[in-house]
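# Working through the structure, step by step
Next come the chains, spelled out residue by residue.
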Amino acid sequence: MPYRQEQKQLKQLSVENSFEKVAQLWWDNWKTDKTKRHADYTIRRLEADIFPIIGNKPITEITTPILLMAIKKIESRGALDIAKRALTTCSQVFRYAVGHGLAERNPAADIKPSDVLKPVKSRNYSRLSQKELPELLRRIDEYDGQPLTKLALQLMAITFVRTGELIGAKWDEIEFDMKLWRIPAERMKMRTPHIVPLSIQAIAVLEKIKSLPGKTSLLFPSERGNGRCMSNNTILYALYRMGYHSRMTGHGFRGIASTILHEQGYPHDHIELQLAHSARNEVSAAYNFALYLEPRRQMMQDWANYLDAIKEGGTILSFKSER
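What counts, and where the lines are drawn
- Residues numbered from 1 in each chain as written.
- Predicted model: local features only at pLDDT ≥ 70, side-chain atom pairs only at ≥ 80, totals over all residues.
- Heavy atoms only, no water.
- Helix = DSSP H or I, 4+ residues; strand = E, 2+ residues; numbered from the N terminus.
- Contact = heavy atoms within 4.5 Å.
- Areas by Shrake-Rupley, 256 points an atom, 1.4 Å probe, with all protein chains shown as cover.
- Salt bridge = Lys/Arg side-chain N within 4 Å of Asp/Glu carboxyl O.
- Phe/Tyr/Trp six-rings, centres within 6.5 Å; stacked < 30°, edge-to-face > 60°.
- Buried < 20%, exposed > 50% of the residue type's maximum accessible area, 1.4 Å probe, protein only.
- Lys NZ or Arg CZ within 6 Å of the ring centre and 35° of its normal.
- Pairing = 2+ DSSP bridges.
- Expected span 1.5 Å × (residues − 1).

### Section: the overall build of the protein
What the protein contains, in helices and strands, is 15 helices and three strands. Across the protein, the fraction of contacts at a sequence separation of at least 24, relative to all contacts at a separation of at least 6, is 66%. Surface summary for the protein: the accessible area is close to 17,700 Å², and the carbon and sulfur share equals 52%.

### Thoughts on the pattern of salt bridges
On inspection of all chains with the given rule, the structure shows 18 salt bridges. Of the charged contacts in the structure, one is a salt bridge between aspartate 308 and lysine 311, with a shortest N-O distance of 3.9 Å. Linking aspartate 308 with lysine 311, this pair stays in helix α15 (residues 293–311), spanning three residues, or about one helical turn.

### A closer look at the packing of aromatic side chains
Enumeration according to the criterion identifies nine aromatic pairs in this entry. Relative to tyrosine 306, the ring of tryptophan 303 has its centre 5.6 Å away and its plane inclined at 35°; by these criteria the two rings are tilted. Remark: tyrosine 306 and tryptophan 303 occur in helix α15; sequence separation between them is three residues, near one turn of the helix. Among the residues examined, tryptophan 303 registers a relative accessible area of 2% and is labelled buried. Judged by relative accessible area, tyrosine 306 falls into the buried class, the value being 4%. Counting every residue linked through ring pairs, the aromatic cluster contains Phe160, Tyr266, Trp303, Tyr306 and Phe319. For the cation-ring pair, lysine 215 lies above tryptophan 171, with the distance from its terminal atom to the ring centre recorded as 5.4 Å. Above the ring of tyrosine 266, the side-chain terminus of lysine 320 is found at 5.4 Å from the ring centroid.

### Some points on the sheet that holds strand β3 (residues 194–197)
In space, the three strands of this open sheet follow the order β1-β2-β3, with antiparallel pairing throughout. Two strands bound the open sheet, and with one partner strand each, they are β1 (174–175) and β3. Examined bridge by bridge, β1 and strand β2 (residues 180–183) share two bridges and lie antiparallel to one another. Bridge pairing links glutamate 175 to leucine 180 in β2.

### Concerning helix α12 (residues 252–263)
Over its twelve residues, α12 runs 17 Å from end to end, which matches the ideal 16 Å to within 8%, given 1.5 Å per residue. The element α12 is largely enclosed, with a buried count of nine among its twelve residues. Restricting attention to buried positions, one finds in α12 the residues Gly252, Phe253, Arg254, Gly255, Ile256, Ala257, Ser258, Ile260 and Leu261. Here the buried face of α12 lies against α7 (133–141), α8 (147–159), α13 (268–274) and α15. Positive phi shows up at glycine 265, right after α12, with a value of about 95°.

If you want it as structure tokens, here you go:
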């Protein structure tokens, strides 16, 4: 093949193989053994943070400084953990390109996140004290934003599940007759199934959600109607609107519940199982999710009753059921 023709073909191939196109190929291959939520989150982060900057550039022309320009822009807004993940994801895209003959080298291979990014501080989830909880519960009940957001916050307070587990909930996980919420392993952080006993109050919230128009398979669908669930930020921004910026997060409900239930004398094992903090060195964590189900059911009902009582202004010194 004549040299000029070869160079022309190489140039055309370079244009066709933009970073965005190669990243889509990588994602289609990579997502096969990932949860839908994780896969969707990864591609959305690329679409939001990386593609607008280097997406249309030929992957063969992206150097380390060009890549770092995109990563440092994420870091500049304070999203240190997202910047670190973005660099790791981009490195995976480049490795895919090298492996498929679409690029000669990975510009992220010579650097580590710690070489170019500020260290990510260990996350201490903001949360209120026990004394501040009644006021928060009242503000949630009075929340004037989207009704579904208010109901999501109410259910989170009652069940203290993780934010991702809440917003991704599906109706086929709810057993109204058994008063149980069965969250499958693929939606859990620890990759083991989880059971949430549903109190009378939790069932009441679920019935309200069910009565809202526009029902889908999801309890908390996105307002955009794109088949996805509500965003993590929906919960966080609602708390901001209520005046709890930097003071409370969705995850904070878990910490509050853990502290109070321990203080009330509920068994540590029961609380940890309800928080889905399964130890990885147990014989089989997959069998532990249903342990102590009946005492956990009573604990969850006691917890919901306690929230109702303090919301009404009651001073509760002890609420642990002896049953």
